[in-house]
Every structure is written in structure tokens, then in C-alpha cells.
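The primary structure of each chain is shown beneath.
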Amino acid sequence: MEKKIYLDNAATTKTRPEVVEAMLPYFTELYGNPSSIYEFSAQVKRGIDEARAKVAKVIGAESSEIFFTGGGTEADNWALKAVAEVYASKGNHIITSKIEHHAILHTCEYLEKNGVEVTYIDVDENGIIKLDQLERAIRPTTILISVMFANNEIGTIQPIKEIGAIAKKHDILFHTDAVQAFGQVPIDVNEMNIDMLSASAHKLNGPKGIGCLYIRKGIKLRSFIHGGGQERKRRAGTENVPGIIGFGKAAEIALETMEERARKEIRLRDLLMKRILDEIPFVRVNGDKVRRLPNNVNVSFQFIEGESLLIMLDMNNICASSGSACTSGSLDPSHVLLAIGLPHEIAHGSLRLTVGHENTEEEINFTVDRIKEIVEKLRRMSPLYEDFMKKKQ
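What you see is a predicted model, and the numbers here were worked out from it, not measured in a lab.

Asker: Just give me the short version of the pairing of strand E5 (residues 142-146), but keep the residues and values in it.
Answerer: Counting buried residues in E5 gives five out of five residues, a clear majority hidden from the surface. For strand E3 (residues 93-97) and E5, the ladder comprises four bridges, and the chain directions are parallel. Counterpart to Ile 94 in the pairing with E5 is Leu 144. Handedness of the crossover is the feature at issue here: the chain leaves E5, passes through helix H7 (residues 160-169), returns alongside strand E6 (residues 173-177), and the resulting connection is right-handed.

What follows is the structure in C-alpha cells.
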């Protein structure tokens, strides 16, 4: 197949044409600064307000609870650092999980250097957080629980409603990094007792460089970026107007198409998993097979290096990854795969494939055919595989 097959939608997605079309006027026609007082700029501000309402609707929030950021990483940083500062008089303890995105883990490391105590909760072999351990970890000084909605590497969806209930019972704030889940699966911040939520537009066919932090009404967080009075004095800096408009349009489309997209992506995802498991020996699926994002497949092949597999897939015009796009240059095995109990040698042979609404069954079958060929070729070159097969015989 000569055309590119893109199966890395967890890293980023193609911006929808409708989203680009919605953004374009805000570059060339409606280019006013929304903070100015004349009518020309008021039109721009109305566009931002409409986009804010569309983003809020995806998670059942009020428009006034949505604050635009430069992306999911900024939103995560804001939530954790601001809570640590504002609630310091109440306590200095944060609970999170061992499989969080590095936007959370590295922020926690920073906070630990500044007097905050962090507990990292274990997950089971499918990547599900251990709720009993979470509740036991709560102290009188605990001010925040931050657990991602769905894992960016293995696709496992956490029991968010149960975590929210635990946080509420103990009067602790609950934040979730929902970057992978926003617009992909149903979310209701009120039903799930979510106090803060991070999202990013480029994971749902929107533009890069724009995200949001949902902050439940009544929670007082300091500004993360200081300067002007934008975002109701919570996030200074002239708004990324085209990005906000694009985020709003992408959120609107994501909500409208969620069920249809999920059905298609689940069908393609399951075809991918079934063929790989049925046709390639010594392979395992990582993550929960049921509580899983509709588009995520993460598999580990024994006796091969994932990096070699990725390079050879790229030579066949297939885009995939071995884990988080934010750590793709690292030679260390995924912290997520190690946390679910995989030994280093198997974690190194992992592949993440994430489908999108434009992928086809033909592309999936072509990809599996190439994976079979490449894995077989790499194993023929592996002395470990050769020794294993000799012993087996």
C-alpha cells in the first residue's frame, strides 16, 4: 500500500476540515483582540464564548467553569501546582497513580522538591488503579487526588466515578487528566464528582497548542500565568482565538459523532487485536480488554525490539508508536508497562496502534500482514528466539 497509514492517533490527530474552516476567519477577518472594547472585538469575544460553551457541553460543565490553556500539559501543571499552593494551610499530601502521563509525574517530582508529599498508587495487571490502596493512602493532610481518566499508552479506563466518590467522602479535591478520554468516551463531571479536568484539542481532531482546565465552581485556584485579566483573571495572555474556535468546533463534532465513531473504532480495534493474537505467537495485549478506549491497541512481542519494529513499519508507510509521544526518544522501557508487571525485555518489544475515524478495514489488514512479516524477520535475527525455540523442541 503506497499511501500512508496513520495509526498513532493517541499522539495527535488530523485536524478536521470543518475545524480548519471554522478557524480561518479568525486569522484574516475577525482578527481583533477580544479584550478591546469596540464592537469588532466584541464579535471575537462572542466566538470565544460560543466555543467555551461547546467544550463545556462535552463534560456536562458550565461555560464559566472552562478555562483555556496552551494544552493538556499546562492544564495538569496548573491543577497540581495551584492546589499545592492554595491549600497548603490544609495539608501538603497528593495522591496519584504510577501510570500517569509525565505531565503529572514530573509535576509531582517538582512539587516533592518543594515540600509536597506524594503517594503513587499501584495498578493491577490491566492498569486499573487499586481503590483499596487509594483509600488507605488518604491522610488528614491529603489535599488532592489526581488520577488519569484513560491511559495514553495502554488505553485502560479508570473507575473514575468510584475515585470521585472516595475523594468526595473524604472532602478531598479530585483532578483527572482526561486528555485521551475527552470527546472519546462519555464524561459527566457532576455524576463522577470531578473537581478539575484537563483536556487538549489536538487529541480530538482539533488544532495543537490549545487545551483547557475545567475548574468546578467554588474552587479557588490562583492564576497560573500572571499578566492581564484574560480568562476571568485566571490565565493571563491574549487568547489563542483561532485555536479556541477550533477547539470548540472539534468538541462539538466529537460530541455529535461519539457513538458512531466508537462503534467503528471498536470494530477496527478488535480486528487488530484478534488477528495479532491469532496469527502471531508469543504476544500479549496490554491493558484491560473491556474497560478500554475504543481506539487503543497495545501489544508486546517477545524476542524483538519495539524500536526496530517501528522503523520497519515506517518503511512500509505505517505510523505507529511504542508508547507516549512525549517519551518516544527515550531508550528506557515504558513506566506504564513496568507498572503493570511486564519484565524489561517484554516491555521493550511493545507496539501501540491507535485508530481514527478515517482508518479502514483494508488498512488494518495490511498493517497486520506487515507486522507478521516484520516480527518473523526480527525473530529470525534474534539469538534469544533461536535459543528459546531449540529448548522448546
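What follows continues from the structure just given.
Asker: Any chance you could break down the nonpolar core for me, citing the residues and the numbers?
Answerer: One broad rule of soluble globular proteins: the nonpolar side chains tend to lie buried together. In this structure, Ile 59, Ile 145, Phe 149, Phe 182, Ile 194, Leu 197 and Phe 247 are the most contacted members of the largest nonpolar core, which totals 55 residues. Elements that contribute at least two residues to this core include exactly helix H1 (17-23), helix H3 (39-58), strand E2 (66-69), H7, strand E7 (196-200), strand E8 (211-215) and helix H9 (241-279). No other element matches H9, which puts eight residues into this core. If near-sequence neighbours (up to four positions away) are discounted, Phe 247 is found in contact with Val 55, Phe 68, Phe 182, Ala 199, Ser 200, Ala 201, Leu 204, Pro 207, Ile 210, Gly 211 and Cys 212. Counting 29 residues, the second largest nonpolar core, distinct from the first, contains Val 285, Met 312, Val 368 and Val 375.

Asker: Talk me through unusual backbone geometry; I want residue IDs and the actual numbers.
Answerer: Of note in the backbone geometry, Glu 231 takes a positive phi value of approximately 50 degrees without being a glycine. In this structure, Phe 282 is a non-glycine residue whose phi angle is positive, near 55 degrees. By secondary structure assignment, the location of Phe 282 is in the loop between H9 and strand E9 (283-285).

Asker: Any chance you could break down the packing of aromatic side chains for me, citing the residues and the numbers?
Answerer: The full count for this structure, using the stated rule, is five aromatic pairs. Each ring, one from Phe 68 and one from Phe 247, has its centre 6.2 Å from the other, and the planes form 65 degrees; the classification is edge-to-face. Of the two residues, Phe 68 is situated in strand E2 and Phe 247 in helix H9; the sequence distance between them amounts to 179 residues. Residue Phe 68 is classed as buried on the basis of its relative accessible area of 3%. By relative accessible area, which is 0% here, Phe 247 ends up buried.

Asker: Tell me about the sheet that holds E8, and name the residues and values.
Answerer: A sheet is described by the order of its strands in space; here seven strands give the open sequence E2-E8-E7-E6-E5-E3-E4, paired in mixed fashion. On the outer flanks of this sheet lie E2 and strand E4 (117-121), each paired with one strand and no other. When strand polarity is set aside, the average angle formed by the axes of neighbouring strands in this sheet is 20 degrees. Across five bridges, the pairing between E7 and E8 is antiparallel. Across the sheet, residue Ala 199 finds its bridge partner in E8, namely Cys 212. Contacts from helix H4 (residues 72-86) reach E2, E3, E5, E6, E7 and E8 within the one sheet, and its direction differs from that of E7 by about 160 degrees.

Asker: I'd love a proper account of the sheet that holds strand E10 (residues 296-301), names of residues and values included.
Answerer: Strands sit in the order E9-E10-E12 across an open sheet of three strands; the sheet is antiparallel. Each edge of the sheet is formed by a strand with only one pairing partner; in this case those strands are E9 and strand E12 (350-354). Sheet twist, expressed as the mean angle between neighbouring strand axes with direction ignored, is 25 degrees. Where E10 lies against E12, five bridges are found, and the strand directions are antiparallel. Paired with Val 297 across the strands is Leu 353, a residue of E12. In the packing of H9 onto the sheet, the strands contacted are E9, E10 and E12, and the crossing angle to E10 comes to about 15 degrees.

Asker: An account of the pairing of E2 is requested, with residue identities and associated values reported.
Answerer: Burial of the side chains of E2 extends over both faces: Ile 66 and Phe 68 are buried on one face and Phe 67 and Thr 69 on the other. As paired elements, E2 and E8 share four bridges and run antiparallel to each other. By the bridge assignment for E8, Thr 69 is matched with Gly 211.

Reading the values: the criteria
Residues numbered from 1 in each chain as written. Predicted model: local features only at pLDDT ≥ 70, side-chain atom pairs only at ≥ 80, totals over all residues. Heavy atoms only, no water. Buried < 20%, exposed > 50% of the residue type's maximum accessible area, 1.4 Å probe, protein only. Helix = DSSP H or I, 4+ residues; strand = E, 2+ residues; numbered from the N terminus. Pairing = 2+ DSSP bridges. Right-handed = clockwise from strand over helix to strand, strands pointing away. Core = buried A, V, L, I, M, F, W, Y, C linked by side-chain atoms within 4.5 Å. Contact = heavy atoms within 4.5 Å. Phe/Tyr/Trp six-rings, centres within 6.5 Å; stacked < 30°, edge-to-face > 60°. Axes fitted to C-alpha atoms, helices over the stretch in contact; angles between N-to-C directions.

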